[in-house]
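Examination of the molecular architecture
Spelled out, the chains give:
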Amino acid sequence: MAEDVDVVVIGMGPGGEALAGELAEAGLSVVGIEARLVGGECPYYACVPTKMMIRAADALAEARRVPELAGQARVDPDFTPVAARIRGEATNNWNDQAAVDRFTGKGGRFVRGRARITGPRTVAVNDTVFTACRAVVLNPGTEPVIPPIPGLADTPYWTNRDAVVATEAPESLVVIGGGAVGLELAQVFARFGSQVTVLEAAPRLLSSEEPEASDLLAQVLRADGLDVRIAAEVRTVDYSGDAFTVELADGPVRAHRLLVATGRRTDLKALGVDAVGCDAGARFLEPDERMRIADGVYAIGDVTGKGAFTHVSMYQGAIATREILGRPGPGADYHAVPRVTFTDPEVGAVGLTEAQAREHGLAVLVGFTELPSSARGWIHKVGNRGFIKLVHDAERGVLLGATSVGPTGGEVLSALVVAVHARVPTDTLKQMIYAYPTFHRAIEDALTHLR
Ligand SMILES: Cc1cc2nc3c(=O)[nH]c(=O)nc-3n(C[C@H](O)[C@H](O)[C@H](O)COP(=O)(O)OP(=O)(O)OC[C@H]3O[C@@H](n4cnc5c(N)ncnc54)[C@H](O)[C@@H]3O)c2cc1C
């Protein structure tokens, strides 16, 4: 069957879902195609359920801090309410009917299936070929990458999708991958009583962030009882029926569960992007600042490689929406993309790291201050580890990037995102009044240490 419509959206992640709904509300005939669940990874398997897990795990950690501050507290962790909340409140038992109804209620037409772009404006799904008169939008997201470790593929390993449907914390867990996804889940399960080992192949955790953040997280996690191994070379994986054996250069590690968190990728070949002149072997699609990858074809979300975050997908989706409606605004600008790893302490960062700024040959000054030596950090006492690091462009007098690590590192980051995004002169930041005694007041201290 062949049909003509205005817009076809392939993949309804956060950006695609919002875009499809807005275009349908604006009166266009929009077909939204989703192979799995409308809303994508974020509400069902990623941001939302993992942050519910973290909220619960942080409550346990705070309760364990009571003896240092306020008497006694008994903590008996139970994962049951976490699993129930994820199933009942967050995902409706991994059912997207409400999201589908929301989209169709706006006038959109929903198709469940795996679509393929077959030409400049044509998309095939199930037994239909749609021709999009105005636009095709690609929002396919990413799938977990499973590294080619001998033995691994034949085992019942977990990805994030299995971890969020777990109904109990495993007795022991090996996490392969010390990035944001691996570390957040490693800390959650450790706080619920799992014996956790983290294996990171790179020389440090969170390798795309500042090395001070990597070091601090490694210290904090180890102090919490996690076995954190960096520069770890996994040779083989074996599963015996109730336990995994992960063979490393320095001997085996055994655990009941194994979580693979080694990055994510899109299968561009299966998506058919060569039909619109894009390289199907590339890691990402490279849209222009208006999100176009070809005439009338747009790409948004993780597949663009501009930051695998829901806020990037939404930001790009809004730009593409304006373009398709013929109301163009400012193009995409990625110099101040915020990113937060929701470990405890949280690691928030924006813009360039010190190393990236130096690679660009910029006149870099760095300001650094430890949170425990700030008034609020000292008051906070147990659980106060963290710092502010500022990367300053001495020539232009603005911040290029910043990192905020601490109990509310992601929230403190907001001030630094404004500074980097709006290129607020550092002199202006130095003249501001910072409320006493807040964690964000440490920014003022870091500014006085720029050298
Ligand atoms: C464990 C974890 C935690 C995370 N936590 C955070 C967080 O706290 N904050 C944050 O900002 N980000 C977080 N992320 C990242 C976030 O989930 C993604 O960046 C976000 O979902 C946006 O992705 P997307 O829009 O590219 O598409 P996705 O959300 O990946 O959705 C794409 C959809 O397209 C569908 N699809 C793919 N191909 C086809 C096809 N051919 N036909 C039809 N449908 C197709 C898929 O089924 C999928 O539903 C986390 C990720 C993980 C894994």
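What you see is a predicted model; the values in this text were computed from it and never measured.

Rules used throughout
Residues numbered from 1 in each chain as written. Predicted model: local features only at pLDDT ≥ 70, side-chain atom pairs only at ≥ 80, totals over all residues. Helix = DSSP H or I, 4+ residues; strand = E, 2+ residues; numbered from the N terminus. Buried ≥ 20, exposed ≤ 12 C-beta atoms within 10 Å, placed from the backbone. Contact = placed C-beta atoms within 7 Å. Pairing = 2+ DSSP bridges. Axes fitted to C-alpha atoms, helices over the stretch in contact; angles between N-to-C directions. Near = placed C-beta within 6 Å. Nonpolar A, V, L, I, M, F, W, Y, C, P; charged D, E, K, R; others polar. Expected span 1.5 Å × (residues − 1). Core = buried A, V, L, I, M, F, W, Y, C linked by C-beta atoms within 7 Å. Domains from an automatic or database assignment. Parallel < 35°, antiparallel > 145°, perpendicular 65-115°, else oblique. Left-handed = near helix turned anticlockwise from the far one by under 90°.

Concerning the overall build of the protein chain
Looking only at helices and strands, the protein chain has 16 helices and 22 strands in total. In terms of overall dimensions, the protein chain has C-alpha extents of about 70 × 60 × 40 Å along its principal axes. Put simply, the protein chain has 451 residues, and 46% of those count as buried. A separation threshold of at least 6 residues defines the contact pool for the protein chain, and within that pool the share at least 24 residues apart is 66%.

Digging into the sheet that holds strand β13 (residues 251-255)
Spatially, three strands are ordered β11-β12-β13 in an open sheet, and the strand pairing comes out antiparallel. Either end of the sheet is taken by a strand with one partner, and the two such strands are β11 (234-239) and β13. Here the strands of the sheet are splayed against their neighbours by 20 degrees on average, with no regard to which way each runs. Pairing of strand β12 (residues 244-248) with β13, which is carried by five bridges, proceeds in the antiparallel orientation. In the sheet register, leucine 248 faces β13, and the bridge partner there is glycine 251.

With respect to the site of the ligand
Taken together, 36 residues lie around the ligand, and Gly11, Gly13, Gly40, Gly141 and Gly301 are the ones closest in. For the shell around the ligand, the secondary structure elements donating two or more residues are α1 (14-25), β2 (30-34), α2 (41-45), α3 (47-64) and α11 (310-324). Considering only residue class, the shell around the ligand consists of 17 nonpolar, 13 polar and six charged.

With respect to α1
Here α1 spans 17 Å end to end across twelve residues, near enough to the 16 Å set by a 1.5 Å rise per residue. Counting buried positions along α1 gives ten out of twelve residues, so the element sits mostly inside the fold. Within α1, burial applies to Pro14, Gly15, Gly16, Glu17, Ala18, Leu19, Ala20, Gly21, Leu23 and Ala24. Next to the buried residues of α1 lie β1 (2-10), β2, α2, α6 (97-105), β6 (128-138) and α11.

Re the nonpolar core
Core analysis: the largest hydrophobic core is formed by 127 residues, its most contacted members being Val8, Val9, Val136, Val137, Val175, Leu258 and Tyr298. Top contributing element to this core by residue count: helix α8 (residues 180-191), with eight residues. In this structure, leucine 258 is in contact with Thr155, Tyr157, Trp158, Val174, Ile176, Val237, Phe244 and Val246, ignoring residues within four places of it in sequence.

Structural notes on the sheet that holds strand β22 (residues 398-406)
An order of β18-β19-β22-β21-β20 is seen for the five strands of this open sheet, with the pairing classed as antiparallel. Sheet topology places β18 (338-341) and β20 (364-370) at the edges, where each strand pairs with a single neighbour. Going across the sheet, the axis of each strand differs from the next one's by a mean of 10 degrees, ignoring polarity. Bridge count between β20 and strand β21 (residues 387-393): seven bridges; the pairing is antiparallel.

Topic: the domain arrangement of the protein chain
In terms of domain boundaries, the protein chain breaks down into domain 1 (2-39 + 96-142 + 266-325), domain 2 (152-262) and domain 3 (338-448). A separation of 29 Å is found between the C-alpha centroids of domain 2 and domain 3. Counting residues at the interface gives twelve residues for domain 2 and 14 residues for domain 3. Secondary-structure elements contributing two or more residues to the side of domain 2 that touches domain 3 are α8 and α9 (211-223). A per-element tally of the side of domain 2 that touches domain 3 places α9 first, with five residues.

Section: the environment of alanine 163
When you line up the elements, alanine 163 lands in helix α7 (residues 160-165). In this structure, the C-alpha to C-alpha distance between alanine 163 and arginine 65, residues 98 residues apart in sequence, is 26 Å. Excluding its chain neighbours within four sequence positions, the residues that come into contact with alanine 163 are Trp158, Leu185 and Leu259.

Notes on α11
Under the 1.5 Å per step criterion, the end-to-end length of α11 is 21 Å for 15 residues, consistent within 8% with the ideal 21 Å. Looking only at α11, the buried set comprises Thr310, Val312, Ser313, Tyr315, Gln316, Gly317, Ile319, Ala320, Thr321 and Ile324. On its buried face, α11 is in contact with β1, α1, α2, α3, β6 and β17 (297-299).

A look at the packing of α1 against α11
Relative orientation of the contacting elements α1 and α11 amounts to 30 degrees, with a least axis distance of 7 Å. Here α1 lies roughly parallel to α11, going by the angle between them. At the point where α1 passes α11, the crossing takes the right-handed sense. In contact with Pro14, Gly15, Gly16, Ala18, Leu19, Glu22 and Leu23 of α1, α11 contributes Thr310, Ser313, Met314, Gln316, Gly317, Ala320, Thr321 and Ile324. Residues that form the contact of α1 with α11 fall into these classes: seven nonpolar, seven polar and one charged.

Thoughts on the packing of α3 against α8
Relative orientation of the contacting elements α3 and α8 amounts to 45 degrees, with a least axis distance of 9 Å. Our classification of the angle between α3 and α8 gives oblique. Considering how the two elements wind past one another, α3 and α8 form a crossing that is left-handed. Of the residues in α8, those in contact with Thr50, Met53, Ile54, Ala57, Leu60 and Ala61 of α3 are Glu184, Leu185, Gln187, Val188 and Arg191. Residue classes in the contact of α3 with α8 are distributed as seven nonpolar, two polar and two charged.

Topic: the environment of arginine 116
Mapped onto the fold, arginine 116 is located in strand β4 (residues 116-119). Expressed as a C-alpha distance, the spacing of arginine 116 and valine 273, which sit 157 residues apart in the sequence, is 8.2 Å. Excluding anything up to four places from it in sequence, arginine 116 contacts Ala124, Leu271 and Gly272.

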